[in-house]
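Single-letter residue listing:
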Amino acid sequence: MNASVRPLSDGFTYVPADVAGDLFYGDCTPSAAQNATSLLVPQASGHGRGEVMAASWRHTRSLYLVCTQDRAMSPNLQQSMAERCTDARSFDASHSPYISRPQAVADEIMEFAASNR
C-alpha cells in the first residue's frame, strides 16, 4: 500500500487532500487538481485488490498507457498490468492523464483503434 493511503476506523482508506494533488494529479493544472481532489471519497478495504472474474481485455484488443510520471502506482505494477494488454505505450503523464492530457489520451486511443481495424 502507498504510504499516503491512510486507514479509517470503519476499515475504509483515504488519501488526504493535501497529498492527493501531488500523488494523483501532478501534471494537472492547479484548478483541475483541486476539482478532482474534491471528488475523492474513502475506498473500501482491499479496493482494487480483488480477483477479476471476467475482464474484457482478455478477449478484446486493449491498450495500456504506462504513465511515466505516475506517483500513485509503481512502475512494476503498471508494467504487469500493461503486459495483459494487446499493446502498451509509454505516456508522459501523471496518474490521471485523462484530466491532464485528455486530447493526447484520445489521440492515442484513436491511433490504436485505427491500427486494429
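As the structure is a computational prediction, the values presented were derived from the model and not from experiment.

Enquirer: Any chance you could break down the environment of S74 for me, citing the residues and the numbers?
Expert: Take S74: it is sitting in the loop between β3 (63-67) and α3 (75-82). The exposure class assigned to S74 is partly exposed, which follows from its relative accessible area of 37%. Measuring from C-alpha to C-alpha, the distance between S74 and R89 comes to 16 Å, with 15 residues separating the pair along the chain. In this structure the side chain of S74 is engaged in a polar contact, spanning 3.0 Å, whose partner is the backbone nitrogen of L77.

Enquirer: Lay out the pairing of strand β4 (residues 87-91) in plain terms, naming residues and giving numbers.
Expert: Of the strand pairs in this sheet, β3 and β4 are connected by five bridges, and their pairing is parallel. Note that in β4 the partner of V66 across the bridge is S90. Note on the crossover from β3 through α3 to β4: the handedness is right-handed.

Enquirer: A description of the packing of aromatic side chains should follow, citing residues and the corresponding values.
Expert: Within this structure, the stated rule accounts for one aromatic pair. Looking at R101, its charged tip hangs above the ring of F91, at a distance of 4.8 Å from the centre.

Enquirer: Go over the nonpolar core, please, and point to the residues and values.
Expert: Counting residues in hydrophobic clusters, the biggest one holds eight residues: V15, A20, L23, F24, Y25, C28, A33 and A36. Of all the elements in the fold, those that place two or more residues in this core are α1 (17-25) and α2 (30-38). Sort the elements by how many residues they give to this core and α1 lands first, with four residues. Contact partners of A33, with chain neighbours within four places excluded, come to Y25 and C28.

Criteria and cut-off values
Residues numbered from 1 in each chain as written. Predicted model: local features only at pLDDT ≥ 70, side-chain atom pairs only at ≥ 80, totals over all residues. Heavy atoms only, no water. Helix = DSSP H or I, 4+ residues; strand = E, 2+ residues; numbered from the N terminus. Buried < 20%, exposed > 50% of the residue type's maximum accessible area, 1.4 Å probe, protein only. Polar contact = N/O pair within 3.5 Å; in protein donor to acceptor, adjacent residues only side chain to side chain. Pairing = 2+ DSSP bridges. Right-handed = clockwise from strand over helix to strand, strands pointing away. Phe/Tyr/Trp six-rings, centres within 6.5 Å; stacked < 30°, edge-to-face > 60°. Lys NZ or Arg CZ within 6 Å of the ring centre and 35° of its normal. Core = buried A, V, L, I, M, F, W, Y, C linked by side-chain atoms within 4.5 Å. Contact = heavy atoms within 4.5 Å.

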